[in-house]
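# Fold and geometry: a report
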Amino acid sequence: MTPGMQYTTTGTVTNAEGSTKRTVVHSVTGLTKVINGVKTRVMWDQDISDGELVESELAMFAQSNSGAVWLFGEYPEEFEGGKFIGASKAFISGIAGAEAGIAMPAEPRIGTPAYPQAHAPAVGFLDCGAVLKENQRVCVPTACYEDVLVIDEHNPLEPADGHQRKFHSAGTGLVQVKAVGGADQETLNLVKAEQLSDAGLKKINEQALILEQHAYKLGTSDFAKTPAAELTTESTGGK
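Structural notes, computed from the coordinates. (Residues numbered from 1 in each chain as written. Predicted model: local features only at pLDDT ≥ 70, side-chain atom pairs only at ≥ 80, totals over all residues. Heavy atoms only, no water.)

Let us look at the pairing of strand β11 (residues 128-140). Here strand β9 (residues 115-116) runs beside β11; their pairing, made up of two bridges, is antiparallel. Residue pairing across strands places Pro116 opposite Cys128, the latter belonging to β11. Connecting the antiparallel pair β11 and strand β12 (residues 143-154) is a turn made up of two residues. (Pairing = 2+ DSSP bridges. Helix = DSSP H or I, 4+ residues; strand = E, 2+ residues; numbered from the N terminus.)

The tally for this structure, following the rule as stated, stands at one disulfide. Disulfide pairing places Cys139 opposite Cys144 at an S-S distance of 2.0 Å. What sets the handedness of the Cys139 and Cys144 disulfide is the S-S torsion sign, and at about 110° it is right-handed. Look at Cys139 and you get partly exposed, because its relative accessible area is 40%. For Cys144, a relative accessible area of 41% translates into the label partly exposed. (Disulfide = S-S within 2.5 Å. Buried < 20%, exposed > 50% of the residue type's maximum accessible area, 1.4 Å probe, protein only.)

With that settled, consider the pattern of salt bridges. Here the idea is simple: oppositely charged side chains can pair when their charged atoms come close. What the rule picks out here adds up to eight salt bridges. Its salt-bridge partner being Glu212, residue Lys33 comes within 2.5 Å of it at the nearest N-O pair. With Lys33 in strand β2 (residues 18-35) and Glu212 in helix α1 (residues 198-218), this residue pair connects regions lying 179 residues apart in the sequence. The pair Lys33 / Glu212 is uniform in exposure class, with both members buried. (Salt bridge = Lys/Arg side-chain N within 4 Å of Asp/Glu carboxyl O.)

Core analysis: the biggest nonpolar cluster contains 26 residues, and Leu71 and Phe91 have the highest contact counts within it. Looking at this core, the elements with two or more residues in it are β1 (5-15), β4 (52-63), β5 (69-80), β11 and β12. For this core, the element with the most residues is β12, which contributes five residues. Excluding residues within four positions of it along the chain, Phe91 makes contact with Leu71, Gly73, Glu74, Ala98, Ala118, Ala120, Val123 and Phe125. Formed by 21 residues, the second largest nonpolar core is a distinct cluster that contains Leu31, Ile35, Ile204 and Ala215. (Core = buried A, V, L, I, M, F, W, Y, C linked by side-chain atoms within 4.5 Å. Contact = heavy atoms within 4.5 Å.)

If you want it as structure tokens, here you go:
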């Protein structure tokens, strides 16, 4: 999660209504934000369906001394036809019963217990993960990876919403997503992983701060109760 890194995955989502093309752009900002007493790194994600932005999200992560990566909250704004329609799925650890969860264990191993990736009862969020396979070989447009870890994910509160397997490579992160069950069958592959220039980092920092300011202006989600993000990294060493 180096500031200025940007990962683009593309694929399809198929359901009873047909199939749509999906692109998700994950950007690691140079912002930090204190959530429930913990300084987190802010990620900015853009979710694009058939060329149209449907979600813009801030997600906050931190790594413990043991090495585990924790998810401390999400603020997703939803769009339809280019217009903002709400942010009903936002949650923040320490508010309204929400609790941080493990996004990636420090030492993931087959046979270890499943773990909650976060729990937010007010919005029905209880994604759970379990290590399914290790040292798998996966080829996607960016490269062939030999060290892939497969995580089986589902939400026991909403089993119809989806059951996925996510494929992670050390040093890169998420390289592939495959559907196992649920109404929306999603398949994604990593097509680009790049270190942005200083100008690129400045742009994603600005866009993330605009999203945060909009959340504060609305004041309708728990995210609006959090301290403002701080700009901690302005340079990637690029031009």
